[in-house]
Amino acid sequence: MEGPQSSTQRPLLLLVLLLGPAWHAAAHGCPQTCICDNSRRHVACRHQNLTEVPSTIPELTQRLDLQGNMLRALPPAAFQALPHLTHLDLRHCGVELVAEGAFRGLGRLLLLNLAANRLSSLPQEALDGLGSLRRLELEGNLLEELRPGTFGALGALATLNLAHNALVYLPAMAFQGLLRLRWLRLSHNALSVLAPEALAGLPALRRLGLHHNELQALPGAALSQARGLARLELGHNPLTYAGEEDGLALPGLRELRLDHGALQALGPRAFAHCPRLHTLDLRGNQLDTLPPLQGPGQLRRLRLQGNPLWCGCQARPLLEWLARARVRADGACRGPRRLRAEALDALRPSDLRCPGEAAWEDGEDGEDAKPAAGGPRAPPGPPTQEEAAATPCPGACACASESRHAGCAGRGLRTVPRGFPDGTQLLDLQRNHFPSVPRAAFPGLPHLLSLHLQHCGVAELQAGALAGLDRLVYLYLSDNQLSGLSAAALEGAPRLGYLHLERNRFQQVPGAALSALPSLFSLHLQDNAVDRLVPGDLAAARALRWLYLSGNRISQVAPGALGPARELEKLYLDRNQLREVPTRALEGLPALLELQLSGNPLRALQDGAFEPVGRSLQHLFLNSSGLEQISPRAFSGLGPGLQSLYLQKNQLRVLPALSSLSQLELIDLSGNPLHCDCQLLPLHRWLAGLNLRVGASCATPPSARGQRVKAAVAVFEVCPGWTARKAPRTPAFRSSARRTAIKRRH
């Protein structure tokens, strides 16, 4: 029997059925710490110190932004109540653990952003349930290894970003299951070895980024597994040589970047098995000559800027080949004197002369003759059979004749073994115990290129310890107990180009020792106890290009301390105690491209802070520096050369428009407590004219909290001068993928 109550419930029940899920979401409302856009089904809960995912987020939410919280760990089924999610942003959440099944139930998710967290590993089933995922961002974590099968459930993935992690090795089948992956980013890691099958099973891969790693030889066998590659980025690796013996075979490759490495020589058939290669970028290496390249018949662009090209008669075959093959090449001559700074593409073969030729001008000898080769050169050819059989491998070690590597890592050794094959090129002795390395500790190794002594408790390198290592290019002494080095200790390795001294006990730059290293290219002194830089520290480092001083205690960089290193391209001073930009110390660095100052207590930037390097600087890092104030002319002089500017995670409430920075590809302003009032109108106008994602959001007033500065029209339209001419939009010169802000681990 129905009473009056049941009859009144019928209309209510009908209303519930009609409203369906929309009523359900409205009933749950929006979490207090979040901003909900019901019409677009977007929810943002940014920088709210949340320790867990809010439980009352509307079920129909499609985009969820949780960046900047304190989630630490993602438990199983952490998002099971949100089955409609397509975009999930978990950047800067301090995530250290992703439990197995954390994302189960998110079968519609297209984008998962876990960048800038503290993940050191990913469990085997951490990414299960993401069968529709197209893009995965893991940049800026602490990942040291990848286990085969980790990405096996991501069959639809097209982009995987693993840049800025701590990877040192890629195992076989590391990316198994990623059949649709088109772009793989592995830059800014510490990769030195790729297993031959590391890139197997990636039939759709078209672009691979391996720049800014520690590759000492071209991993041709591994790269050739990705036969569909069209673009390969290998710049900023310590490669000294590339030849046909490296085995690079990529039939579809169109663009190859080997820029800003340490290339001293190329074999004429280095790219013979890349027949469609169109653009070869060799900028910023140490090539003084180049042979005509055989094989890449479609090559049309050869970039050689920044190489010390010697335009003598030995370069005639190169010019003749460039003309015959119709290859457009840039670059300029370093010598001889009469051709110094001449553009390569403006020369004819007849312009190139050698001493003794009839046309050789009076006085063009001595300094104009091609200098003797110095610095790290191409690895020697394979040893002869007699050389290979000279000496058996020490009993505690393993020697691979094919790769010419010898390894005794972690064997508990207390003295350096002897009796390695004299064709050995890489010797790995790390994680043993050698408190003192004696004189002539490495006899019979005339071909050695790379010596690894990390984690060996080394407190002293005796005079002559490296005697006989004439070809040594790489010396790894990181994670030891060294507090000083003498020039006598490093004598015997005149071609040493890369010296790794990270995480030792240095209180000052070992400037005197550097006099024994005339070819030093890269000096790594991160995480020591250096407290200042003074004139004389780099007096002998005239060939130095990369200087890493991150994580020390530097509070002062005196004027003139850096000046002798005029070729310096990278200067890393992040995570120190600098209270101001060392403007005067930057004078005399005309080639500086990258300056890292993040993680210093800078507080403010004064006018002209970067003027001495304004013409050359391309990348500037000022994130996490406690910046509260930037003067209107702080970036004066930088102008069109600057490509990226990192200002995220500071304390900026106001910021002037940066109109002079007209060629920026990337600017990151996220994590600043910007106050959106009329004082910020010039910045709003400037941002509105940029076709870039900048991450600038309003923190105050409460009515504007969470709104993007670029889009907060309602905030600024009440300001005086609003009706003035708005800034024109800047064309999108670069791909959208490169505009995405890249976070560093600071």
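Further up the page is the structure itself.
Residues numbered from 1 in each chain as written. Predicted model: local features only at pLDDT ≥ 70, side-chain atom pairs only at ≥ 80, totals over all residues. Heavy atoms only, no water.

## Observations concerning helix α3 (residues 316–325)
Residues Leu-318, Leu-319, Trp-321 and Leu-322 constitute the buried set of α3. Down the axis of α3, the buried side of the element spans an arc of 165 degrees, and every buried residue falls inside it. Across α3 from its buried face, at more than 90 degrees, point the exposed residues Ala-323 and Arg-324. In the stretch just after α3, Arg-326 is the one whose phi turns positive, near 60 degrees. (Buried < 20%, exposed > 50% of the residue type's maximum accessible area, 1.4 Å probe, protein only. Helix = DSSP H or I, 4+ residues; strand = E, 2+ residues; numbered from the N terminus. Arc of directions from axis to C-beta.)

## Some details on the state of the cysteines
The tally for this structure, following the rule as stated, stands at seven disulfides. Across the disulfide, Cys-393 is cross-linked to Cys-399 (sulfur-sulfur distance 2.0 Å). On the sign convention where negative is left-handed, the bridge of Cys-393 and Cys-399, at about 70 degrees about the S-S bond, is right-handed. Looking at Cys-399, the relative accessible area reads 30%, which means it is partly exposed. One disulfide bridge connects Cys-676 with Cys-698, the sulfur atoms lying 2.0 Å from each other. The sign of the -90 degrees torsion about the S-S bond sets the Cys-676-Cys-698 disulfide as left-handed. Linking Cys-676 in the loop between β42 (674–675) and α6 (681–688) with Cys-698 in strand β43 (residues 698–700), this pair joins segments that are 22 residues apart in sequence. (Disulfide = S-S within 2.5 Å.)

## Things to note about the nonpolar core
Of all hydrophobic cores here, the largest spans 107 residues; its most connected members are Phe-442, Leu-451, Phe-610, Leu-622, Phe-635 and Leu-645. Elements that contribute at least two residues to this core include exactly α5 (487–490), α6 and α7 (713–716). With four residues, α6 is the single largest residue contributor to this core. Those residues in contact with Leu-451 that lie beyond four places of it in its chain are Leu-427, Leu-429, Phe-442, Leu-466, Leu-469, Leu-472, Tyr-474, Leu-475 and Tyr-476. With 99 residues, the next largest nonpolar core counts Leu-146, Leu-160, Leu-202 and Leu-339 among its residues. (Core = buried A, V, L, I, M, F, W, Y, C linked by side-chain atoms within 4.5 Å. Contact = heavy atoms within 4.5 Å.)

## Considering the side chain of Gln-67
Topologically, Gln-67 is positioned in the loop between β3 (63–65) and β4 (73–74). Contact partners of Gln-67, with chain neighbours within four places excluded, come to Cys-45, Arg-46, His-47, Asp-89, Arg-91 and Cys-93.

## Observations regarding α6
Among the eight residues of α6, six are classified as buried, and the element is accordingly described as predominantly covered. Along α6, the residues classified as buried are Leu-681, Leu-683, His-684, Arg-685, Trp-686 and Leu-687. If you follow the buried residues of α6, they end up packed against β41 (666–668) and α7.

## Observations concerning a positive patch on the surface
Together, Arg-134, Arg-180, Arg-182 and Arg-206 make up a positively charged patch on the protein surface. Checked against the element boundaries, Arg-134 lands in the loop between β7 (111–113) and β8 (135–137). (Patch = residues over 30% accessible without salt bridge, like charges linked within 9 Å, V, L, I, M, F, W, Y side chains within 5 Å. Areas by Shrake-Rupley, 256 points an atom, 1.4 Å probe, with all protein chains shown as cover. Salt bridge = Lys/Arg side-chain N within 4 Å of Asp/Glu carboxyl O. Lys, Arg positive; Asp, Glu negative; His and termini not counted. Charge placed at Lys NZ, Arg CZ, Asp CG, Glu CD.)

## Some points on the side chain of Asp-574
Here Asp-574 shows up in the loop between β35 (570–572) and β36 (594–596). The exposure class of Asp-574 is buried, given its relative accessible area of 1%. A polar contact of 2.6 Å, which involves the side chain of Asp-574, links it to the side chain of Ser-550. (Polar contact = N/O pair within 3.5 Å; in protein donor to acceptor, adjacent residues only side chain to side chain.)

## Looking at the environment of Gly-721
Position of Gly-721 among the secondary structure elements: in the loop between α7 and α8 (736–739). Take Gly-721: its relative accessible area is 39%, and that puts it in the partly exposed class. Along the chain, Gly-721 and Leu-681 lie 40 residues apart, while their C-alpha atoms are 9.0 Å from each other.

## Considering the pattern of salt bridges
For the structure on display, the rule yields 23 salt bridges. Two residues, Arg-269 and Glu-244, come together in a salt bridge whose shortest N-O distance is 3.0 Å. Linking Arg-269 in the loop between β17 (265–266) and β18 (279–281) with Glu-244 in the loop between β15 (241–242) and β16 (255–257), this pair joins segments that are 25 residues apart in sequence. Note on Arg-269: relative accessible area 32%, which makes it partly exposed. With a relative accessible area of 32%, Glu-244 lands in the partly exposed category. A salt bridge links Asp-259 to Arg-257; its shortest N-O distance comes to 3.5 Å. The exposure class assigned to Asp-259 is buried, which follows from its relative accessible area of 4%. A network of salt bridges, in which partner residues are shared, links Asp-479, Arg-503, Asp-527, Asp-574 and Arg-575.

## Regarding unusual backbone geometry
Following Gly-335, the chain continues to Pro-336 via a peptide bond in cis, the omega torsion being 0 degrees. Between Thr-700 and the following residue, Pro-701, the backbone shows a cis peptide bond with an omega angle of -5 degrees. Residue placement: Pro-701 occurs in the loop between β43 and α7. For Arg-575, which is not a glycine, the phi torsion comes out positive at approximately 55 degrees. Along the chain, the position of Arg-575 falls in the loop between β35 and β36.

Geometry only, nothing functional implied.
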